[in-house]
Amino acid sequence: MSKVLLLNGSPNPGGCTATALHEMIDIFTNEGVETEIIQVGIKPIRGCTTCGACDNNGKCIFDDLVNEVAPKFEVADGLVVGSPVFYGSPNGTLLSFLDRLFYSTTFSKHMKVGAAVVSCRRGGNTASFDVLNKYFTISGMPVASSTYWNQVHGFTAEDVKKDLEGLQTMRNLARNMVFLMKAIEDAKERYGYPEVERDAFTSFHDGKKDSFIFG
């Protein structure tokens with residue numbers, strides 16, 4: 001059975017972002033996909049300090065939700081990252097969480113299906129959508145799309161329930177994720193995963209790992 005991990009970057013566990021994610025969960029459940037939703041936005045998550053301890057420990061030195069979620073991410077076939085729009089960008093707590101989750105974990109994310117979901121009252125949605133997708137594209141994760149940008153509009157959960165096109169987009173997104181996960185699993189059995197080269201690491205400083213991420 002496939003499993004999808006859903007991260008809610010909103011500090012409101014029953015708000016607009018949650019409404020969008022639960023619309024997807026209904027589809028996943030009907031398709032026999034196991035799901036788990038994790039509330040990130042309400043947690044006190046600090047940002048990465050580029051200390052490098054994860055290189056030796058295999059996990060982040062700050063032992064919080066990041067290390068709790070990491071093994072769940074490792075076994076998941078898909079990851080949905082949802083966030084409200086704050087000042088034209090995803091929630092800062094969520095971004096700190098994702099920076100540390102992706103940077104501190106050594107397991108391969110290759111061919112896990114990723115999808116970003118954003119909610120906004122009015123604007124900043126596509127900019128936030130773009131930011132979240134970058135975590136997937138740097139990690140070899142196929143990005144799921146839908147019939148519009150993966151977004152819903154509303155100031156409250158009740159508003160989002162009136163955004164019929166937004167909810168439709170969420171349902172189509174979930175169906176596309178299910179298809180991709182099945183197709184990737186089938187292709188893995190038939191052909192194996194594509195080769196990944198890791199030898200080259202261009203750096204004009206001293207080649208340290210942190211210079212690649214943080215300049």
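Reading guide: rules and limits
- Residues numbered from 1 in each chain as written.
- Predicted model: local features only at pLDDT ≥ 70, side-chain atom pairs only at ≥ 80, totals over all residues.
- Heavy atoms only, no water.
- Helix = DSSP H or I, 4+ residues; strand = E, 2+ residues; numbered from the N terminus.
- Rg over C-alpha atoms; globule rule 2.2 N^0.38 Å.
- Buried < 20%, exposed > 50% of the residue type's maximum accessible area, 1.4 Å probe, protein only.
- Contact = heavy atoms within 4.5 Å.
- Areas by Shrake-Rupley, 256 points an atom, 1.4 Å probe, with all protein chains shown as cover.
- Lys, Arg positive; Asp, Glu negative; His and termini not counted.
- Charge placed at Lys NZ, Arg CZ, Asp CG, Glu CD.
- Pairing = 2+ DSSP bridges.
- Polar contact = N/O pair within 3.5 Å; in protein donor to acceptor, adjacent residues only side chain to side chain.

1. Some details on the overall build of the protein
Then step 1. Secondary structure assignment for the protein yields eight helices and six strands.
Then step 2. Starting at the N terminus and ending at the C terminus, the protein contains elements arranged as β-α-β-α-α-β-β-α-β-α-β-α-α-α.
Then step 3. Relative to the compact-globule value of 17 Å for 215 residues, the protein shows a C-alpha radius of gyration of 17 Å, a close match.
Then step 4. Taking the principal axes of the C-alpha coordinates as reference, the protein spans close to 55 × 45 × 30 Å.
Then step 5. Across the 215 residues in the protein, those meeting the buried criterion constitute 46%.
Then step 6. Summarising the internal contacts of the protein: among those between residues at least 6 apart in sequence, 77% fall at separations of at least 24.
Then step 7. Within the structure as shown, the protein displays about 11300 Å² of accessible surface, and the carbon and sulfur contribution to it stands at 51%.
Then step 8. Here the protein contributes 21 positively and 25 negatively charged side chains, and the mean placements of these two sets differ by 4 Å.

2. What about unusual backbone geometry?
Then step 1. Of note, Thr50 is a non-glycine position whose phi angle comes to about 50 degrees, a positive value.
Then step 2. Position of Thr50 relative to the elements: it lies in the loop between strand S2 (34-39) and helix H2 (53-57).
Then step 3. Judged by its relative accessible area of 28%, Thr50 falls in the partly exposed class.
Then step 4. Although it is not a glycine, Tyr87 adopts a positive phi angle of roughly 50 degrees.
Then step 5. Positionally, Tyr87 belongs in the loop between strand S3 (78-86) and strand S4 (89-90).
Then step 6. Overall, the relative accessible area of 88% leaves Tyr87 in the exposed class.

3. Looking at the pairing of strand S5 (residues 113-120)
Then step 1. For S5, the buried fraction is high: eight of the eight residues fall into the buried class.
Then step 2. Burial of S5 is two-sided: the residues Val113, Ala115, Val117 and Ser119 facing one way and the residues Gly114, Ala116, Val118 and Cys120 facing the other way are all buried.
Then step 3. In terms of strand pairing, S3 meets S5 through seven bridges, oriented parallel. Looking at S5, one finds that Pro84 is bridged to Ser119.

4. Some thoughts on the side chain of Ser139
Then step 1. Structurally, Ser139 can be placed in the loop between helix H5 (125-137) and strand S6 (151-153).
Then step 2. A polar atom in the side chain of Ser139 sits 2.8 Å from the backbone oxygen of Tyr135.
Then step 3. Apart from residues lying up to four places away in sequence, Ser139 is in contact with Phe102, Lys109 and His110.

Purely spatial values, then, with no claim about function.
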